[in-house]
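Results of the structural survey
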Amino acid sequence: MTKILSVTSECAPLIKTGGLADVAGALPLALADLGCDMRTILPGYRAIMDRLGKTKQAAGFKDLFGGPAKLLSCCVQGLELFVLDAPHLFDRDGGIYVDATGQDWPDNPERFAALCRAAAEIAKGAAGWKPDVVHGHDWQAGLTPEYMQKLGTDVPFVFTVHNIAFHGNCAADRLDRLELDPNRFTVDHFEFWGQISALKAGLMGASKINTVSRTYAEELLTPAFGMGMDGVLHNRKSDLIGIVNGIDDATWNPATDPNIKPYTTPRGKAANKKALQKLFELGPSDGPLFVLVSRLTDQKGIDLLLEALPELLSQGGQLALLGSGDPRLEVALLEAAAQNNNVGVKIGYDEALSHKLVAGGDVILVPSRFEPCGLTQLYGLRYGTLPLVALTGGLADTVINASPAALSKGVATGVQFFPVTAAALSNAITHMHGLYRTPKTWQAMQRNAMKQQVGWEHSATAYRDIYAAVTAADG
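Residues numbered from 1 in each chain as written. Predicted model: local features only at pLDDT ≥ 70, side-chain atom pairs only at ≥ 80, totals over all residues. Heavy atoms only, no water.

A word on the sheet that holds strand β2 (residues 36–43)
Strand pairing in a sheet takes place through backbone hydrogen bonds and is either antiparallel or parallel in direction. Taken together, the nine strands give an open sheet; going across it, the order is β3-β4-β5-β2-β1-β6-β7-β11-β12, and neighbouring strands pair in mixed fashion. Every interior strand has two partners, whereas the edge strands, β3 (56–61) and β12 (240–242), have only one. Averaged over all pairs of adjacent strands, the angle between their axes in this sheet comes to 25 degrees, without regard to strand direction. The sheet contact formed by strand β7 (residues 157–161) and strand β11 (residues 208–211) spans four bridges and is parallel. Within β11, the residue paired with Phe159 across the bridge is Ile209. Packing against the sheet, helix α4 (residues 108–123) makes contact with β1 (2–7), β2, β3, β4 (69–76), β5 (79–85) and β6 (133–137), and its axis sits at approximately 145 degrees to β2. (Pairing = 2+ DSSP bridges. Helix = DSSP H or I, 4+ residues; strand = E, 2+ residues; numbered from the N terminus. Axes fitted to C-alpha atoms, helices over the stretch in contact; angles between N-to-C directions. Contact = heavy atoms within 4.5 Å.)

Some details on the packing of helix α10 (residues 269–279) against helix α13 (residues 351–360)
In the contact formed by α10 and α13, the axes pass within 8 Å of each other and the chain directions differ by 125 degrees. Considering the angle they form, α10 stands oblique to α13. Relative to α13, α10 is oriented so that their crossing is left-handed. The residues of α13 that touch α10, namely those facing Lys269, Asn272, Lys273, Leu276 and Leu279, are Leu353, Lys356, Leu357, Val358, Ala359 and Gly360. Split by residue class, the contact of α10 with α13 holds six nonpolar, two polar and three charged. (Parallel < 35°, antiparallel > 145°, perpendicular 65-115°, else oblique. Left-handed = near helix turned anticlockwise from the far one by under 90°. Nonpolar A, V, L, I, M, F, W, Y, C, P; charged D, E, K, R; others polar.)

Observations regarding the pairing of strand β14 (residues 318–325)
As a general feature of sheets, a regular strand has side chains that alternate between the two faces. Taking burial as the measure, the eight residues of β14 include six buried ones, the bulk of the element. Inspection of the sheet shows strand β13 (residues 289–296) paired to β14 by eight bridges, in the parallel sense. Pairing of Val293 across the sheet is with Leu322, part of β14. The β-α-β motif built from β13, the intervening helix α11 (residues 302–314) and the parallel element β14 has right-handed crossover chirality. For the crossover that starts at β14, traverses helix α12 (residues 327–339) and ends in the parallel strand β15 (residues 343–347), the hand is right-handed. (Buried < 20%, exposed > 50% of the residue type's maximum accessible area, 1.4 Å probe, protein only. Right-handed = clockwise from strand over helix to strand, strands pointing away.)

Description of helix α17 (residues 422–436)
Relative to the 21 Å expected for 15 residues at 1.5 Å per residue, α17 spans 21 Å between its end C-alpha atoms, a close match to the ideal helical length. All of the buried residues along α17 are Ala422, Ala424, Leu425, Ser426, Ala428, Ile429, Met432, His433, Leu435 and Tyr436. (Expected span 1.5 Å × (residues − 1).)

Here's the deal with the sheet that holds β14
With parallel pairing, the six strands of this open sheet are ordered in space as β15-β14-β13-β16-β17-β18. Looking along the sheet, the strands with just one partner apiece sit at the ends: β15 and β18 (415–417). In this sheet, adjacent strand axes meet at a mean angle of 15 degrees when their direction is disregarded. The sheet contact formed by strand β16 (residues 363–366) and strand β17 (residues 386–390) spans four bridges and is parallel. What sits directly across from Val366, in β17, is Val389.

In structure tokens form, the structure reads like this:
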């Protein structure tokens, strides 16, 4: 049995800000069916400490970047966890990455360096369990191979890039505080334009690198999407792999979902649509109900949606939206809802409500300028809610565009648009309206969508193969 330590800053169901948590929570359970023992280390944020139940101390640190810390082991909903209990770093008000004003915690470099250092200690066997592979996620886990190298631990490291936009950079004067080897502050390790880069440390220290879709792996090699790391990734191109994410298809299952009126065929969506319209104070409509569940940022294309909204509404469509983010976009959306009774907006996040939106919508919108994988469109497919997505990243890999060829072959599952502009989005909305007015075609697309394999079976096998490759090379 291969033993893997997953190093992550968030993990569902304990703590979540985005898709990283869903992956970190689902992958261990999927791998267990393939003969892998994955255990997860994550920070002991205040929000999760009371949810752990019975714990056992696996290791201790007298001074971990400014204070004492304990490594606790426990099991939560089938997940075997190591939780880094370091109150001086994680027991605080605000978010897990930002304070109450939305600013990054100034000690984020130390906070996540501590996570990496603890992971390296586990890799050396400090917790009484030694992994065969360490698997880090995003910049928060990026310094792990540096600490493993410092401790003389030769366990192979696999690094997953969920979103390359975040580098975890800090000034070089933190070298001593972070207990990093100054001799490795070079272009071949973790130096990036005169700064310490946790993301680059992970990219350079990994035996294999993967990102969360094949298209995004290709996009990362270009200046437009590489966010300054395209040169680094070109140097590691032979070790870069794209593996599309899956979803927890037990939690996201329209036949058993406790948040909705369950259904197994597209016909069952009608009752959920009616309930959703009532919830968002939308009247009956002959057009499709477009739904969106998202962070409200320009990266997610929310500004494009605002520009294209008149096109959506002029043809009889409706919009129900749940999200939070940029105050400018929040205000604009609330104003649109106040001015039009076919627009409903709820600011914030509500997991149960997100299920209702996916089940009750006709179309799920994902107009992102870039999207490494995206889970929203996968939820839509699972629930027969046709995705309307930008042609980028994982959206390109998981949605079959309703082109004439795909429609004639009966395989289309949604609509893609390119370039990622408001005009192209408007055209895609018009296309979706036309499909909706052809019930036979629409229902066939819904059936196609619901038949797609969106769980973790294939993806988990691909990760298992990566672990097998790096352990064989290490041996």
